[in-house]
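Spelled out from the first residue to the last, the chains are:
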Amino acid sequence: MVPPPSEEEQLTGEVNDLSAEAALLLEEQHRLVWDYWTEGKAVDIAATYSGKQGLFSLENLRRIDRLRHLTKDPRELRALTALHGHFAGEFLARELAEYNDASANLEASLKLSVDGREVRYHDLERLLANEKSALKRKALYAAATPALTRLNQTLLRREAKTGELVKQMGFESYEAFGSELRQADLERLAQLAEEVLQATQEPYRLVMERLAQRELGLPLAQITRADIPRLFRSREVEDAFPKGESLAKAQATVAGLGIDLGALPNVKVDARDLPQKNPRPLAMAVKVPSDVRLSFKPGTGVLHQGRVLHEVGHLLHTAFTQEARFELARLGTPTVGEAYSALFEDLLEDPVWLEENAGVLGDADKRARYLATSSAHKLYLIRHAAGRLLYQLELHRRTDVDRASCTAR
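Note that this is a predicted model, so its numbers are computed, not measured. (Residues numbered from 1 in each chain as written. Predicted model: local features only at pLDDT ≥ 70, side-chain atom pairs only at ≥ 80, totals over all residues. Heavy atoms only, no water.)

Asker: How do you make sense of the overall build of the protein chain when you look at a structure like this?
Answerer: Of regular secondary structure, the protein chain possesses 16 helices and five strands. For a compact globule of 409 residues, the expected C-alpha radius of gyration is about 22 Å, and the protein chain comes in at 24 Å, within 12% of that figure. Expressed along its principal axes, the backbone C-alpha trace of the protein chain runs to roughly 85 × 60 × 45 Å. Across the 409 residues in the protein chain, those meeting the buried criterion constitute 45%. In the protein chain, 72% of the contacts between residues at least 6 apart in sequence involve partners at least 24 apart. Looking at the protein chain as shown, the accessible area adds up to about 21600 Å², and 53% of this sits on carbon and sulfur atoms. Taken as two groups, the 55 positive and 61 negative side-chain charges of the protein chain have centres that lie 5 Å from each other. (Helix = DSSP H or I, 4+ residues; strand = E, 2+ residues; numbered from the N terminus. Rg over C-alpha atoms; globule rule 2.2 N^0.38 Å. Buried < 20%, exposed > 50% of the residue type's maximum accessible area, 1.4 Å probe, protein only. Contact = heavy atoms within 4.5 Å. Areas by Shrake-Rupley, 256 points an atom, 1.4 Å probe, with all protein chains shown as cover. Lys, Arg positive; Asp, Glu negative; His and termini not counted. Charge placed at Lys NZ, Arg CZ, Asp CG, Glu CD.)

Asker: For this particular structure, what's the right way to read the side chain of threonine 48?
Answerer: Looking at the secondary structure, you find threonine 48 in the loop between α1 (7–39) and α2 (58–70). For threonine 48, a relative accessible area of 2% corresponds to the buried category. Among the polar contacts listed, one links the side chain of threonine 48 to the side chain of glutamine 29, at a separation of 3.1 Å. At 2.5 Å, the side chain of threonine 48 forms a polar contact with the backbone oxygen of isoleucine 45. Dropping the residues within four chain positions of it, threonine 48 is found in contact with Leu25, Glu28, Gln29 and Leu32. (Polar contact = N/O pair within 3.5 Å; in protein donor to acceptor, adjacent residues only side chain to side chain.)

Asker: Teacher, can you tell me more about the packing of aromatic side chains here?
Answerer: Evaluated as defined, the whole model comprises four aromatic pairs. For the pair phenylalanine 56 and phenylalanine 87, a centre-to-centre distance of 4.7 Å together with 65° between the ring planes defines the contact as edge-to-face. Residue phenylalanine 56 is located in the loop between α1 and α2, and its partner phenylalanine 87 is located in helix α3 (residues 74–95); the two are separated by 31 residues in the primary sequence. Among the residues examined, phenylalanine 56 registers a relative accessible area of 1% and is labelled buried. Taking the centre distance of 5.2 Å and the plane angle of 45° together, the rings of phenylalanine 232 and tyrosine 380 count as tilted. Pair noted here: phenylalanine 232 is in the loop between α9 (228–231) and α10 (235–238) and tyrosine 380 is in helix α16 (residues 364–408), with a separation of 148 residues, a long-range link. One exposure class covers both phenylalanine 232 and tyrosine 380, and it is buried. Pairwise contacts between aromatic rings join Tyr49, Phe56 and Phe87 into one cluster. (Phe/Tyr/Trp six-rings, centres within 6.5 Å; stacked < 30°, edge-to-face > 60°.)

Structure representation (structure tokens):
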């Protein structure tokens, strides 16, 4: 007589079925996001959950968590942890699909009035970077405020609903959920963020003051959010990155590694210059590694080039992944992929790469000014990331306290 399966064996079969179904759904959703990003099509992510209402249920989430606690194999534990985080995130996505669709479609359709003409909200950063007048930059940003207010109202409603759902999943706070999802100690990350901000405070003020005076003719104290894209425009090398060449430069770079992006059967590059296309480059792994895509819209300047290189790093990471298991190839912490992307993006500070692809390093003064701007931008981004982490933690901690107070009352 065959003995009945153990609890772990029973759960393994059930969880494998759940994982396979989740993989197919993720592919479908990524295809929709791709259409939205490349062609501006309205998305209906909520519709993808039709008939699958039970997939990302609290019961299935607990089923995966139970198997995770029974598992002794480290690799299996890593896969189950990634799957658990995905199901938790998808539970939220399903419950928040209405809010997510509303915000995505609203952002895609938002327009602002500039000098009597309408421009898309997605083009705001490019317009700010190209505008020489500080007064006009300020007016541009002010024109976007009503659009942002509409978007923020949708995001605030989504935020309130998220807090309720996190508790339903069994997490004591949004912070606990974030730790599970990112597999990170957020309290330790917060400490590191504080240390980064303190250690870089004086150097940041010094380099930003110099940059503001040099690039904008303004003291740092007068710089606003509207000035940031123009501040880091890197005029010294702007002409070396004309419209339409950033993808070719990235392709030439990987060709040096013996990789022909156009010849990779699992890679699709969409370089169409469509009016409704999102101007930001995007690498999307619809299915790892057999269906990896890159959206590219011709742009100008070094920042655009950096974004293209960044996304090419993501593309190569997923396109050359040999891991077949969905949980390990597609899910889990994005740290490794971001490391690949940072490696490629940092080529913009490599003298050899710049000489070969931009030809601007013969002038020592020009080189020094560009590298100073690039270093200042990197410092700005590091501090921005640290500040954002601390802000998000404080925001959700206060929200949790407020909810607890309301409950107590």
